[in-house]
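# Structure assessment
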Amino acid sequence: MQHGAVEEGLTRVIGVDGEPDRRLDGLDDDALLAIHRSLVMLRTYDERSVVYHRQGRIGTYAIYRGHEGIQAGAVHALDRRDWIFPSYRESAIGLLRGLPAATILQWWRGHPSGWWSPDEVNVASICVPIATHVPHAAGLAWGLRLKGSDAAAVVLFGDGATSEGAFHEGANVAAVTKAPLVLLCNNNQWAISTPLSEQTAAARLADKAVGYGMPAARVDGHDVLAVYEAVRNAVARARAGDGPTFVEAVTYRSAPHATADDPGLYIDADRVAAEEERDCVSVYEDYLRRLGLLDDAAAETVRNEALATMRAAIETAENEPPADRELVFSHAYAEPPPDLARDLDELRRVHA
Ligand SMILES: Cc1ncc(C[n+]2csc(CCOP(=O)(O)OP(=O)(O)O)c2C)c(N)n1
Ligand SMILES: [Mg+2]
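This one's a predicted model, so the numbers in the text were calculated from it and none came from an experiment.

Thresholds applied
Residues numbered from 1 in each chain as written. Chains lettered and ligands numbered in written order. Predicted model: local features only at pLDDT ≥ 70, side-chain atom pairs only at ≥ 80, totals over all residues. Heavy atoms only, no water. Donors = N, O, S within 2.8 Å, 3.2 Å for Na, K, Ca; no water. Helix = DSSP H or I, 4+ residues; strand = E, 2+ residues; numbered from the N terminus. Buried < 20%, exposed > 50% of the residue type's maximum accessible area, 1.4 Å probe, protein only. Pairing = 2+ DSSP bridges. Right-handed = clockwise from strand over helix to strand, strands pointing away.

Within the protein, Asp159 (OD), Asn188 (OD1) and Trp190 (O) serve as the donor atoms for the magnesium ion (ligand 2), at 2.1 Å. We note that the donor set of the magnesium ion (ligand 2) lies within a single chain, spaced as D-x28-N-x1-W. Placement of the pair is Asp159 in the loop between strand S2 (153–158) and helix H6 (165–176) and Trp190 in strand S4 (residues 190–191), with a sequence separation of 31 residues. For the pair Asp159 and Trp190, a shared accessibility class is recorded, and that class is buried.

Of the pairings in the sheet, the one linking strand S6 (residues 216–220) to strand S7 (residues 245–250) comprises five bridges and is parallel in character. By the bridge assignment for S7, Ala216 is matched with Phe246. Note on the crossover from S6 through helix H9 (residues 224–239) to S7: the handedness is right-handed.

This part takes up unusual backbone geometry. Note on backbone geometry: most residues besides glycine have negative phi, and most peptide bonds are trans. At Asn122, a residue that is not glycine, the phi angle is positive and equals roughly 55 degrees. Mapped onto the secondary structure, Asn122 falls in the loop between helix H4 (118–121) and helix H5 (133–146). Of note in the backbone geometry, Lys178 takes a positive phi value of approximately 55 degrees without being a glycine. Mapped onto the fold, Lys178 is located in the loop between H6 and strand S3 (181–187).

Encoded structure:
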């Protein structure tokens, strides 16, 4: 394990550098193994998607390698009635709520079958504009409170998102209304090629919470259980009517920003190698092995199940009939303006 990649002062459950492991109350062996299956499913989806992109089957894809611990930790800390607001970095988080992998593949293929009805799984649409889903999540969470529900919401965004106006507006309104919201920041230390040091002059992103009057936790994002613990505490606060919490999960983006990016031009290769040594999936598998809950055969079974799910999903996605091109023109205007009608005529002419 490389010391260089271990930041001091972050909350952990899984020990590093000889620190003892902790065991969390309320997480029995079955629950620990369920978290493992989620991590492996997310990892397998991500790896297969990169290959799928290389085959030219999807146009672009935002790789989340190394962020699975943040995503699985958060979802396992929620109940089914709680809401999730993902950004593009968490495009496959709905898998953990039973959304079919084929649906998410289709979203990346730009196919209409890639859409879902958010209230079926309590997972909002994948948000591509940076931070614009923070006010959406704050509004939904406030609405839950007004309706007397004790459900909560979690919104996931990056370090760069904390510089956006929409983040400020959402965090502020959530705090003022005591909305039951967890603001979960994946601090992967990059916004495409902009490093954190050029993103903000704040020493720690968690410090921003003070300005909104909400508490914050700062945890090791390589440690799925540290994220789980922080989100579970934040959700308990939210349910009790005490309002939002900011959780900063510190990790490092060891993969390109997306399939269209070449990080070789700006990233530190030694740092990436050090971070890979602390990969969230391997760190968790080592923890389970120390507890006697996982061995090679069990790990392989979980991996093979996830691979089978992806094989079936790719087949389903490929068998979907092509989308009706004219749908691009539908559902925006009751009375389409004349230039749109001309474009539609042109489309029909080209494809005639
Ligand atoms: C409002 C807006 N501005 C710019 C972009 C272009 N853009 C896409 S990803 C990205 C970086 C975001 O970095 P961060 O918030 O740290 O999230 P990460 O990608 O690291 O998960 C930018 C600027 C966008 N999608 N939306
Ligand atoms: Mg980032």
